[in-house]
Structures are given as structure tokens and as C-alpha cells.
Amino acid sequence: MSNLETTPTEFACVSTDAAELEVLSPREVPLGGPRALPVRRTLPQRQRSLIGAWCFADHYGPQDVRQAAGMDVPPHPHTGLQTVSWLFRGQIEHRDSAGVHQLVNPGELNLMTAGAGICHSEVSTQKTTVLHGVQLWVALPDAHRNVARDFDHFVPEPISRDSAEIRVFLGELAGQRSPVHTFTPLLGAQLDLAAGCTIDLDIDAGFEHGVLVDLGRVDAAGRALESGELAYLGPGCTTVRLHNPAGMAARVVLLGGAPFTEDLLMWWNFVGRSHDEIVSYRQLWQDGDDRFGAVSGYTGPVPRLPAPALPATRLRPRRQT
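Note that the coordinates shown come from a computational prediction; the quantities given were computed from them, not determined experimentally.

## A word on the overall build of the protein chain
The secondary structure content of the protein chain amounts to one helix and 27 strands. Against the compact-globule benchmark of 20 Å for 321 residues, the protein chain has a radius of gyration of 19 Å, which places it among compact chains. Across its three principal directions, the C-alpha atoms of the protein chain cover 55 × 45 × 35 Å. Across the 321 residues of the protein chain, 55% fall into the buried class. The long-range share in the protein chain, meaning contacts at least 24 apart out of those at least 6 apart in sequence, stands at 74%. Only carbon and sulfur atoms are counted for the fraction: they give 47% of the accessible area of the protein chain, which is about 13100 Å². Put simply, the protein chain has 27 plus and 36 minus side-chain charges, and the middle of one group is 5 Å from the middle of the other.

Have a look at this one:
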């Protein structure tokens, strides 16, 4: 998914410690204009820009696309990151410049590695009536940020435990391990909690964790969370308790990762290390350079997204307080 803000803010993504649980509230961003699909963006924020190597989190739907615009994101570039597409409902057609053409379905991991450069498009299919999911980005460490383009597709088997259904799409949780390779230690899992469910999960004490509530109201580590909110837990936690106090089902996405100690500069769809790198990436995209390649088969209203204008001043890191 692209960051379609016309004046994107630069973020310095720096891992910071937190002595206690934090709650991050999302801001709404229209994906493609004021009449298009609205998404709730939880990461990055000035308060916190990273959870492990997770550096971007958009949460959207449930959106009835029979009465409103669905998702139609023309070819756009990425550098220095991996994208994670995870759906709860609907279907998205993915095409990229590595030659991958993949339908994204609920409960299936689609992980695209941009490395030195890639471009891709994402379009909700005609069979989709309701679109609902999350789009996440993972920053690549310096040693691997120029790897070749790649793509992984994985369907995790759900397991049941304590009235919860768990799908582990990255990393390891509750005895389940994803086979998908990541360049830093990560965790990604969907947990569906039945009414009244309480589950205690063993988690890696060396990780930072985030609990993103998709449906319902959930207590995470004793803190009540509304739908769309994300709770951050710093390193040192060995267990996390999730409780669904309502009389209906709830759902969360649990993210985790080893603290990411490298400084990053993120602007639009690029993750780099300096102002000059971002300027170079933008110009190469505008020039149609082979660094990003081309998408075949996309038939949307424009052949590719132009990059927004750079600010008049140099991009400078925004440090967290």
C-alpha cells in the first residue's frame, strides 16, 4: 500500500524504551482522496515510530465497497522495507515489478521485499463486497536494505487455545512458527477472542510488542482498548494477558520485534538513511529508472503514482521525546 498523503511528513524512526504500557490512537487518512477508502494510521507517530522493525501500520474497514470506492492504488515505489498485507475480509489483487501476480485473501500472508527498489499496485477485486484488513511495513536493517526484490506467500494454520483462535504469520507464538524469513526477529499474529475469553501468552522478553485492536473492546495487560487503538509494551515482558470483556467476539493483531537500533528517515514510500538518499530515490522514480522496474497488467486510471513534491527545506529527523 502507498502512503498517498500529498504532503507526507518525514519521520526519523528511532526505538525508545517505555517504562509502562502506552496507548497510541490512530489518525484517519484517505487512501486516494476524500471519497476513497479511509484508513486509520497508527504508526509512525511523533510519540512512537517503531515497534521492533515495524515502522508503518494502516488499519482499514470494514468498508462496504458496493456503496463506496474500494482500493485502487496505482504502481508506486518502495525502498528499504518489506510490506505485509493481511486481510480479514475481501480480496486484493497484487502486481509488482518482480513479476509477481498474487490474489490476497483473508488469513493469508503476503510479504513483499522492496530491498533496493520495487514498485507494485493493489486493487480490490470485483468479487469484494466488504474490504477489511491491515497493511504493515517492516524496516530492513542496513546490512540487508539493498537486497533483491522478493515475495513470500504463506497461509498459517489456525490453532485454538483458551477460547482464542491464533494465526501466526511471522515469527513464533503459542508453539506455532512461521517459515517466512525476516531480516530482524519479528512477530506477527492474528488472535480472535471469543466472548469472555482470557488468554495469557508467553512472549519474548527481548521484544517490544504492540496490540492492535481490530474488532470489539479488549483489555491488554490490564488496559482497556477501543477498536483502532494500539497498545505498546516495552522489552522485559514475559507474558501478556488479553481479555475480551464483551458478549461478542473480538479480534487483535499482535506485533513484536527486537528493538531496532538504527536511525531511519522515512518519507512517502521510501525508507532511507539521509535527505540525499530520499531525494535520489524520488528522482529515480520520477525518471522511470530501472531501479524500481515496472508493473505489468495494471489497468487503473493512471499508469503510476507521481511522487509528491519535496519540502522546501532539507528533510530532518524528528526525534522521539
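## So, the side chain of Q82
Within the element layout of this structure, Q82 appears in strand β7 (residues 81-89). With relative accessibility at 1%, the residue Q82 sits in the buried group. Within polar-contact distance, the side chain of Q82 engages the side chain of T113 at 2.9 Å. Setting aside residues no more than four positions away along its own chain, Q82 makes contact with L111, M112, T113, L136, W137, V138, L140, H181 and F183.

## Some words on the UniProt feature "domain: Pirin C-terminal" (unreviewed entry) in the protein chain
Mapped onto the present numbering, the UniProt feature "domain: Pirin C-terminal" (unreviewed entry) falls on residues 190-288. Each end of residues 190-288 is marked by a C-alpha atom, and these two atoms are 38 Å apart; helix forms 12% of the span and strand 47%.

## Things to note about the sheet that holds strand β18 (residues 186-193)
Strand order in the open sheet formed by seven strands is β2-β23-β20-β25-β18-β15-β14, and the pairing between neighbours is antiparallel. A strand with exactly one partner marks an edge of an open sheet, and here the two such strands are β2 (22-24) and β14 (159-161). When the angles between neighbouring strand axes are averaged without regard to direction, this sheet yields 25 degrees. Note that β18 and strand β25 (residues 250-257) share eight bridges and pair antiparallel. Following the sheet pairing, L186 is matched in β25 by G257.

## Some words on the packing of aromatic side chains
What describes a pair of aromatic rings is the distance from one ring centre to the other and the angle between the planes of the rings. Taken as a whole and assessed by the stated rule, the structure comprises seven aromatic pairs. On the basis of an interplanar angle of 35 degrees and a centroid distance of 6.1 Å, the ring pair of F270 and F292 is categorised as tilted. Taken together, the positions of F270 in strand β27 (residues 270-272) and F292 in the segment after α1 (275-286) put the pair 22 residues apart, joining distant regions of the chain. With respect to burial, F270 and F292 carry one shared label: buried. Three or more aromatic residues joined by ring pairs make a cluster, and in this case those are W267, W268, F270, Y281, W285 and F292. The ring centre of Y232 lies 3.7 Å from the NZ or CZ of R48, which sits over that ring. The residue whose ring lies beneath R304 is W285, and the NZ or CZ to ring-centre distance is 3.6 Å.

About the thresholds
- Residues numbered from 1 in each chain as written.
- Predicted model: local features only at pLDDT ≥ 70, side-chain atom pairs only at ≥ 80, totals over all residues.
- Heavy atoms only, no water.
- Helix = DSSP H or I, 4+ residues; strand = E, 2+ residues; numbered from the N terminus.
- Rg over C-alpha atoms; globule rule 2.2 N^0.38 Å.
- Buried < 20%, exposed > 50% of the residue type's maximum accessible area, 1.4 Å probe, protein only.
- Contact = heavy atoms within 4.5 Å.
- Areas by Shrake-Rupley, 256 points an atom, 1.4 Å probe, with all protein chains shown as cover.
- Lys, Arg positive; Asp, Glu negative; His and termini not counted.
- Charge placed at Lys NZ, Arg CZ, Asp CG, Glu CD.
- Polar contact = N/O pair within 3.5 Å; in protein donor to acceptor, adjacent residues only side chain to side chain.
- UniProt positions renumbered as here; feature names shortened; annotations may be inferred.
- Pairing = 2+ DSSP bridges.
- Axes fitted to C-alpha atoms, helices over the stretch in contact; angles between N-to-C directions.
- Phe/Tyr/Trp six-rings, centres within 6.5 Å; stacked < 30°, edge-to-face > 60°.
- Lys NZ or Arg CZ within 6 Å of the ring centre and 35° of its normal.

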